[in-house]
Amino acid sequence: MTHRVNFAKTAPKAFKALIGFDAAARAGLDPALVELVQIRASQLNRCAYCLHMHTADARKAGESEERLHMVAVWHEATAFFSEKERAALALTEAVTLISGGVPDEVYTRAAGQFGDEELAQLLALIFTINTWNRIAITTAKVPGADERALR
């Protein structure tokens, strides 16, 4: 494989800014919801590094294996997720796969479950995980090598 840049070391200001944005995005959101959103976006983006990291974080936070296995098929596994979680997962998919825009019905569904401030936080979270996925994929991060402890 071709050498890939270590983004954190070679662009430390951008990296630290993204860490700050990520922390701000999470503020006020249910930690379990945060992990579900990050897992779903990472699945869609095929980011093994982030998927490994966020499933591990979800387990540490007490998430069940059963629900973790159902995230990829949440549309069919309605009994496993609340309406609020399903609205967040639908919005995550629409924003992550944004090529055709975010459908009004998806946005309206999420807006019906989240107040304006919480919805804005959720959107920021979706934006950050998609950015993290792109960094990890582009720089060929290896799953299982969680470098957060090195910061």
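Further up the page is the structure itself.
Described in the following lines is the structure provided in the data block. (Residues numbered from 1 in each chain as written. Predicted model: local features only at pLDDT ≥ 70, side-chain atom pairs only at ≥ 80, totals over all residues. Heavy atoms only, no water.)

With their axes 9 Å apart at the nearest point, helix 6 (residues 83-96) and helix 7 (residues 104-113) run at an angle of 145 degrees to one another. Crossing handedness for the pair helix 6 and helix 7: left-handed. Listed contacts from helix 7 to Glu83, Lys84, Arg86, Ala87, Ala90, Leu91 and Ala94 of helix 6 are Val106, Arg109, Ala110 and Gln113. Here the contact of helix 6 with helix 7 is built from residues that sort into six nonpolar, one polar and four charged. (Axes fitted to C-alpha atoms, helices over the stretch in contact; angles between N-to-C directions. Helix = DSSP H or I, 4+ residues; strand = E, 2+ residues; numbered from the N terminus. Left-handed = near helix turned anticlockwise from the far one by under 90°. Contact = heavy atoms within 4.5 Å. Nonpolar A, V, L, I, M, F, W, Y, C, P; charged D, E, K, R; others polar.)

Here we take up the packing of helix 3 (residues 31-44) against helix 6. Relative to each other, helix 3 and helix 6 sit at 35 degrees, their axes nearing to 9 Å. Remark: the crossing between helix 3 and helix 6 carries right-handed chirality. Only Glu85, Ala88, Leu89, Thr92, Glu93 and Thr96 of helix 6 make contact with helix 3, whose side of the interface consists of Leu33, Leu36, Val37, Arg40, Ala41 and Leu44. Of the residues that constitute the contact of helix 3 with helix 6, the class distribution is seven nonpolar, two polar and three charged.

The next point concerns the nonpolar core. Nonpolar side chains in soluble globular proteins generally cluster together in the buried interior. Judged by nonpolar contacts, the single largest core of 28 residues is most densely connected at Val37, Phe81, Leu91, Leu119 and Leu122. Once residues lying within four places of it in the same chain are set aside, the contact partners of Val37 are Ala88, Leu89, Thr92, Leu122, Leu125 and Ile126. If you look at the next biggest cluster of nonpolar residues, it comprises eleven residues, including Phe15, Leu18, Ala41 and Ile129. (Core = buried A, V, L, I, M, F, W, Y, C linked by side-chain atoms within 4.5 Å. Buried < 20%, exposed > 50% of the residue type's maximum accessible area, 1.4 Å probe, protein only.)

What follows covers the environment of Ser42. One can find Ser42 in helix 3. Along the sequence, Ser42 and His52 sit ten residues apart, while their C-alpha atoms lie 9.1 Å from each other. Filtering out sequence-adjacent residues up to four positions away, Ser42 remains in contact with Cys47, Cys50, Leu51, His54, Ile129 and Asn133.

Per the counting criterion, the structure on display carries two aromatic pairs. Centre to centre, the rings of Phe7 and Phe15 are 6.3 Å apart; their planes meet at 65 degrees, and the pair counts as edge-to-face. Assessed through its relative accessible area of 11%, Phe15 is described here as buried. Measuring from ring centre to ring centre gives 5.5 Å for Phe15 and Trp132, while their planes differ by 75 degrees; the resulting arrangement is edge-to-face. On the criterion of sequence distance, the pair formed by Phe15 in helix 2 (residues 12-26) and Trp132 in helix 8 (residues 116-138) is long-range, its members being 117 residues apart. (Phe/Tyr/Trp six-rings, centres within 6.5 Å; stacked < 30°, edge-to-face > 60°.)

Let's shift gears to unusual backbone geometry. Even without being a glycine, Arg46 presents a positive backbone phi close to 55 degrees. Relative to the helices and strands, Arg46 resides in the loop between helix 3 and helix 4 (48-60). According to the relative accessible area criterion, Arg46 is exposed, its value standing at 74%. A positive phi angle, near 55 degrees, is found at Ala140, a position not held by glycine. In this structure, Ala140 sits in the segment after helix 8.

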